[in-house]
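Okay, here's what each chain looks like letter by letter:
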Amino acid sequence: MLLPRWWELGDPCAWTGQGRGTRRMSPATTGTFLLTVYTIFCKVHSDRNVYPSAGVLFVHVLEREYFKGEFPPYPKPGEISNDPITFNTNLMGYPDRPGWLRYIQRTPYSDGVLYGSPTAENVGKPTIIEITAYNRRTFETARHNLIINIMSAEDFPLPYQAEFFIKNMNVEEMLASEVLGDFLGAVKNVWQPERLNAINITSALDRGGRVPLPINDLKEGVYVMVGADVPFSSCLREVENPQNQLRCSQEMEPVITCDKKFRTQFYIDWCKISLVDKTKQVSTYQEVIRGEGILPDGGEYKPPSDSLKSRDYYTDFLITLAVPSAVALVLFLILAYIMCCRREGVEKRNMQTPDIQLVHHSAIQKSTKELRDMSKNREIAWPLSTLPVFHPVTGEIIPPLHTDSYDSTNMPLMQTQQNLPHQTQIPQQQTTGKWYP
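Residues numbered from 1 in each chain as written. Predicted model: local features only at pLDDT ≥ 70, side-chain atom pairs only at ≥ 80, totals over all residues. Heavy atoms only, no water.

**Digging into the overall build of the protein chain**
Now for step 1: Within the protein chain, the secondary structure is distributed over ten helices and 16 strands.
Now for step 2: Looking at the 437 residues of the protein chain, the share that counts as buried comes to 30%.
Now for step 3: The long-range fraction of contacts in the protein chain, counting pairs at least 24 apart against all pairs at least 6 apart in sequence, stands at 66%.
Now for step 4: For the protein chain, the exposed area adds up to about 32000 Å²; of that, 55% sits on carbon and sulfur atoms. (Helix = DSSP H or I, 4+ residues; strand = E, 2+ residues; numbered from the N terminus. Buried < 20%, exposed > 50% of the residue type's maximum accessible area, 1.4 Å probe, protein only. Contact = heavy atoms within 4.5 Å. Areas by Shrake-Rupley, 256 points an atom, 1.4 Å probe, with all protein chains shown as cover.)

**Considerations on the sheet that holds strand S11 (residues 160-166)**
Now for step 1: One open sheet accounts for four strands, arranged S12-S13-S11-S14; its pairing is antiparallel. In this open sheet, the two edge strands, each paired with only one partner strand, are strand S12 (196-203) and strand S14 (274-277). Along the sheet, successive strands turn relative to each other by an average axial angle of 15°, direction set aside.
Now for step 2: In the sheet, S11 pairs with S14 via four bridges, with the strands oriented antiparallel. Paired with Gln161 across the strands is Val276, a residue of S14.
Now for step 3: Contacting S11, S12 and strand S13 (222-228), helix H4 (residues 177-191) runs over the sheet at an angle of about 125° to S12. (Pairing = 2+ DSSP bridges. Axes fitted to C-alpha atoms, helices over the stretch in contact; angles between N-to-C directions.)

**Brief notes about the UniProt feature "transmembrane region" (unreviewed entry) in the protein chain**
Now for step 1: When the UniProt feature table is mapped to this numbering, "transmembrane region" (unreviewed entry) covers residues 317-340.
Now for step 2: The distance from the first to the last C-alpha atom of residues 317-340 is 34 Å, and the span holds 100% helix and 0% strand. (UniProt positions renumbered as here; feature names shortened; annotations may be inferred.)

**A word on the packing of aromatic side chains**
Now for step 1: Applying the stated criterion across every chain, the model contains twelve aromatic pairs.
Now for step 2: Relative to Phe232, the ring of Tyr160 has its centre 5.8 Å away and its plane inclined at 85°; by these criteria the two rings are edge-to-face. With Tyr160 in strand S11 and Phe232 in the loop between S13 and helix H5 (234-237), the pair connects residues that are 72 residues apart, well separated along the chain. A single burial state applies to Tyr160 and to Phe232, both of which are buried. (Phe/Tyr/Trp six-rings, centres within 6.5 Å; stacked < 30°, edge-to-face > 60°.)

**Here we look at the nonpolar core**
Now for step 1: Within the largest apolar cluster, 38 residues are counted, with the highest numbers of intra-cluster contacts made by Phe164, Met174, Phe183, Trp191 and Trp270.
Now for step 2: Secondary structure elements with two or more residues in this core: strand S8 (112-116), S11, helix H3 (171-174), H4, S12, S13 and H5.
Now for step 3: Per-element tally for this core: the top contributor is H4, with seven residues.
Now for step 4: Two domains share this core, each providing at least three of its residues, namely domain 1 (42-148) and domain 2 (158-275).
Now for step 5: Those residues in contact with Phe164 that lie beyond four places of it in its chain are Phe183, Val187, Val222, Tyr223, Val224, Val226, Leu236, Ile268, Trp270 and Ile273. (Core = buried A, V, L, I, M, F, W, Y, C linked by side-chain atoms within 4.5 Å. Domains from an automatic or database assignment.)

**With respect to the sheet that holds strand S5 (residues 58-62)**
Now for step 1: Taken in spatial order, the three strands line up as S5-S8-S7 in an open sheet, and their pairing is antiparallel. Edge positions in the open sheet fall to S5 and strand S7 (101-104), since each of these has one partner strand only. On average, adjacent strands in this sheet sit at an angle of 20° to one another, irrespective of strand direction.
Now for step 2: Summarising the sheet, S7 and S8 pair through four bridges and their orientation is antiparallel.

**Side note on the pairing of strand S9 (residues 127-135)**
Each regular strand carries side chains that alternate between the two faces of the sheet.
Now for step 1: Most of S9 is tucked away: seven of the nine residues are buried.
Now for step 2: Across seven bridges, strand S6 (residues 85-91) lies against S9 in antiparallel orientation. Opposite Ile85, over in S9, you have Asn135 as the bridge partner.
Now for step 3: Sheet analysis places S9 next to strand S10 (residues 141-148), joined by eight bridges and oriented antiparallel. Bridged to Ala133 within S10 is Ala142.
Now for step 4: Connecting S9 to the next strand, S10, in antiparallel fashion are five residues, including Phe139 with a positive phi near 60°.

**Section: the side chain of Thr132**
Now for step 1: As for its position among the elements, Thr132 is in strand S9.
Now for step 2: Each residue touching Thr132, except ones within four places of it in the same chain, is listed here: Thr86, Phe87, Asn88, Thr141, Ala142 and Arg143.

**Side note on the confidence of the model for the protein chain**
Now for step 1: Averaged over every residue, the pLDDT of the protein chain is 75; the share at 70 or more is 69%.
Now for step 2: For the stretch residues 415-420, pLDDT sits under 50, and the model shows five contacts to residues farther than four places along the chain or on other chains. (pLDDT = per-residue confidence, 0-100.)

**Focus: a nonpolar patch on the surface**
Now for step 1: Together, Val323, Val327, Val330, Leu331, Ile334, Leu335, Tyr337, Ile338 and Met339 give the surface a local cluster of nonpolar side chains, amounting to about 880 Å² of exposed area.
Now for step 2: By relative accessible area, which is 47% here, Val323 ends up partly exposed. (Patch = residues over 30% accessible without salt bridge, like charges linked within 9 Å, V, L, I, M, F, W, Y side chains within 5 Å. Salt bridge = Lys/Arg side-chain N within 4 Å of Asp/Glu carboxyl O.)

**Focus: the pattern of salt bridges**
Now for step 1: Under the definition given, this model contains eleven salt bridges.
Now for step 2: In this structure, Arg207 engages Glu163 in a salt bridge whose closest nitrogen and oxygen atoms are separated by 2.5 Å. In this pair, Arg207 is assigned in the loop between S12 and S13 and Glu163 in strand S11, connecting sequence segments 44 residues apart.
Now for step 3: Notably, a salt bridge pairs Glu240 with Arg237, separated by 3.1 Å at the nearest N-O pair.

Next up, the structure:
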């Protein structure tokens, strides 16, 4: 007899065993039997603490190998288990993560990554992230908490910040420690700062970019922002040259001398580089000049008191609905009286009309009726010129000049000899000799 797992374990989230349990039961009708259950539901681990700095890139990898040990495998003999595992991350007590924290996992067979740049507002406030792993084969779950203790940086923020757009990288590839270290090494070789930090990494899709076509192993691209404590080098300033700005406006690659130091591993779009010098930024606040369309300052807003007096809306109801309804009813009654009760009729109209006017009207109506009847019958006799005649030479009968479907309303009654196509000219005899008047 096999019992369901929920019956054996009760509340799965409260059970924290090692994944294998045995229990002997002695029912009255059956003998003693052994029940072995392999399951782990919502196993909660001890909390993990991390200490990132404000204004510095924070990366935390959710390794599948770490969570695979929490799910008892059920492979066949000689088979290695590789279950698909996905993660769900959220701020404790909320359905989503904080605004500065992002999460990405391409497939259920890859690791998940939490990344972002903490802000100064969260310094000293522990942020608890609940991480739930789902085994898509067995539908089991495992959960633990990640406590993020944001520390304050010594010189946050760094005054000189540069943002690069790398075209041949995806965000999860760039978040790898060795790849990010290589990029920071190349930037440090070009910039030569005393302190260099990665501030933030953003996918191009989060900036409005399009998903690349699945051909030629195209990448979506990633924006990497770094900060340093020294001014920008002359190589980075080359992007601001008028020649390079012109080439960028023509969608051509600018000429950068230090591009070869990145080209071996990173393809940078130098037209999209952004250089920000926070030491020269001036406040954009402008004093508001009051004029048309700007209301005067009324001071602090004073909300109404809690004890509001009750108001009677009966009078407003009568003015708004009752009065217009009464006026509309009166107008309806007047119109109904005019249309129904003041109707004269045809007989009364004829009695009040003079006889001579009725006779005249009747004559006009009768003439109109006759014209309409005549217009319906347009059959008229054919003219005599169109009737069959004898040919003057051969004696044959010549058919009419026109067919029955021909409109004869515009045909003249008499046809000239020139219009007859079958008429033969008879030569006239000429007398010989001279003619004397």
